[in-house]
Every structure is written in C-alpha cells, then in structure tokens.
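# Structural features, examined
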Amino acid sequence: MRILCATATLAIVATACASPPLSGRVEGGRYVDALGEVSVEIPPVPNVEIRDRGSQGFSWVDFSVGAGYWMFPGGAYSLEWYHDWFRDGQVRASPEAYYEATESLLPAYVRANFAGTFELVDYERREVGGRPAVRFLAKGIRDGLPALVTGTSIWFGDRIALALHSLRIPDDASGPPDQFVHWPRYDRFCESIRRLDAPE
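Heads up: these notes are all about the structure in this document. (Residues numbered from 1 in each chain as written. Predicted model: local features only at pLDDT ≥ 70, side-chain atom pairs only at ≥ 80, totals over all residues. Heavy atoms only, no water.)

## Brief notes about the overall build of the chain
Stated formally: Each helix is a run of H or I in the DSSP string that is no shorter than four residues. Each strand is a run of E no shorter than two, and both are numbered from the N terminus. Relative accessible area decides the class of each residue, using a 1.4 Å probe on protein chains only: under 20% of the type maximum gives buried, over 50% gives exposed, and in between gives partly exposed. Using a 1.4 Å probe, the Shrake-Rupley method yields the accessible areas, and only the shown protein chains count as cover for residues.
Helices and strands together make up the secondary structure of the chain, namely three helices and 11 strands. The order of α-helices and β-strands along the chain, N terminus first, is α-β-β-β-β-β-β-α-β-β-β-β-α-β. When each of the 200 residues of the chain is scored for burial, the buried share is 48%. Counting every atom, the chain has about 9200 Å² of accessible surface; 51% of that belongs to carbon and sulfur.

Shown next as structure tokens:
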C-alpha cells in the first residue's frame, strides 16, 4: 500500500495538480481516474500531493501531505479501484456473496499489504451510499511507527472500491484505536466515491 484533516484551499488543490504527473485528472475538487470509471472528492489534506497509477484491471490514487507523509496529523487517504478483487464472477451475483467473500479475504489482504506488519482488529458489514460495504480496522507498524489503517470495501457489482485512511497512533495512546479516526471526514471520503462508466 502506498497510502498515505485541515481544510484544503483552491491554491492547495492547484498545487496538487502541479505535483507528479497524474494518469487521471483533477476537476472541480475531485479526482477522476485515467479510464474515467471512478471519481472521488479530494480529502482535506493540507498541502495535498496526489499520486496515482492505473491499468485495465486495477488503479489507485493517494492523497497525502507531500510525498507520502501519512504520519502527519490527520493522516492520509487512498482509493483503490478493482475490476476483479475476488477473481470470482459469482461475487457479482448478490450482496450476500460479496459480504461473504470480503470477510473471507480480509485477513489475508491485511497481512499481505500495509508493510506486512498489520493485523486485522475488527470489521463490520454496513452500507455506503446505499451500496453493500465492509469496514475494517487494522493495526501495525509502518515506517517504524505505530499506525492504524481504516478501510472500507464498497461493492459496485463488477467493481470494488476500497477507501483507505492511515493514521499514526500516538506513542502514549490508550483505549480503542478507532478513537483517533476523524469519522466525519473519512465517511465523507467514502460517500464521495462515484462510478462514472455505469448508472448508479
């Protein structure tokens, strides 16, 4: 995972557009992927830098302070867009099939990503924008620092969106890790995801 709140100004967004060349594009405060399949609102990361990559089967975009400084207060955000996350066409058949496949895959996904040091803490079924979704929390060590990743997988039939938010956990932290997530900002990021190449 490459992941990566304060309020972004128009000048900050303009700076983001001038950072590394994008495969996709920025327009109207939103990022649109190179294939024109999905868009998401640019989260309120100060001095935001946007990085992306795309192919026919998978694309991602990161929003962070500078070049991937996820440990900055407020954290960083990422959107991953999969054409066939499960490699199983049956998952497209129903929300229940999606839920079951996602819950089965999550532990392995978390272990294989996020610097290889993270473990799944919890997950729950929910809906985002009326679509089936699974939200999870994972804890681990990233760049030598204690970190939390919040992720939400959202079912778009033959596509899966994965909205990620990474945060540093304070060294003297106690209590549940999700207390450090700014839920209104993260929820808005998740709910802003739009599929553009098919009817909603």
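## Observations concerning the sheet that holds strand β2 (residues 30–32)
We apply this condition: For two strands to count as paired, DSSP must find a minimum of two bridges between them.
Pairing is antiparallel in the open sheet, where four strands are placed in the order β1-β2-β3-β11. Each edge of the open sheet is held by one strand with a lone partner, namely β1 (25–27) and β11 (194–195). Sheet analysis places β1 next to β2, joined by three bridges and oriented antiparallel. Within β2, the residue paired with V26 across the bridge is Y31.

## Remarks on the pattern of salt bridges
Put simply, the rule reads: One side-chain nitrogen of Lys or Arg within 4 Å of one carboxyl oxygen of Asp or Glu is enough to make a salt bridge.
What the rule picks out here adds up to 11 salt bridges. Linking R159 and E37 is a salt bridge whose minimum nitrogen-to-oxygen distance equals 3.2 Å. Of this pair, R159 sits in the loop between β9 (145–155) and β10 (160–168) while E37 is found in the loop between β2 and β3 (38–41), placing the two residues 122 residues apart along the sequence. Each member of the pair, R159 together with E37, is buried. For R135, the salt bridge is made with D187, and the minimal N-O distance between the two is 2.9 Å. You can see R135 sitting in strand β8 (residues 131–142) and its partner D187 sitting in helix α3 (residues 183–191), a full 52 residues away along the chain.

## Here's the deal with the side chain of E80
Rule in force here: Contacts described as polar in this section are N or O atom pairs within 3.5 Å, which, within protein, must combine one atom able to donate a hydrogen with one able to accept it, while residues neighboring in sequence count only if both atoms come from side chains.
Relative to the elements of secondary structure, E80 occurs in strand β6 (residues 76–82). At 2.5 Å, the side chain of E80 forms a polar contact with the side chain of Y82. There is a polar contact of 3.0 Å between the side chain of E80 and the side chain of Y109.

## Observations regarding the sheet that holds strand β4 (residues 48–54)
Definition in use: Simply put, an axis is a line fit to the C-alpha atoms, just over the touching stretch for a helix, and the angle between two N-to-C directions goes from 0 to 180 degrees.
Strand order across the open sheet formed by seven strands is β4-β5-β6-β10-β9-β8-β7, with antiparallel pairing between neighbours. Each edge of the open sheet carries a strand with a single partner, namely β4 and β7 (119–128). Across the sheet, the axes of successive neighbouring strands diverge by a mean angle of 15°, strand direction being ignored. Here β4 runs beside strand β5 (residues 58–65); their pairing, made up of seven bridges, is antiparallel.

## Comments concerning the packing of aromatic side chains
Going by this rule: Centres within 6.5 Å are what make two rings of Phe, Tyr or Trp a pair, Trp counting through its six-membered ring; a difference in plane orientation under 30 degrees is then read as stacked, over 60 as edge-to-face, and the rest as tilted.
Considering all chains together, one arrives at 10 aromatic pairs under this definition. Centre to centre, the rings of Y31 and F63 are 6.4 Å apart; their planes meet at 85°, and the pair counts as edge-to-face. Placement of Y31 in strand β2 and of F63 in strand β5 is noted, with a sequence separation of 32 residues between them. What makes Y31 buried here is its relative accessible area of 4%.

## Some thoughts on α3
What counts is decided by this rule: Throughout, the arc means that of the directions going from the helix axis to the C-beta atoms.
Within α3, burial applies to Y186, F189 and C190. With its buried residues spanning 100° around the axis, α3 presents them on a single face. For α3, the exposed residues set more than 90 degrees away from the buried face come down to P184 and R188.

## Some details on the pairing of β3
The side chains of a regular strand alternate, first on one face of the sheet and then on the other. Where β2 meets β3, three bridges bridge the pair, whose relative direction is antiparallel. Of the residues in β3, the one forming a bridge with R30 is E41. Hairpin remark: β2 followed by β3, antiparallel, with five residues in the connecting loop; positive phi at G36, about 70°. Pairing of β3 with β11, which is carried by two bridges, proceeds in the antiparallel orientation. From the neighbouring strand, V38 faces β11, where its bridge partner is R195.

Honestly, that's just the spatial picture; any functional story needs more than this.
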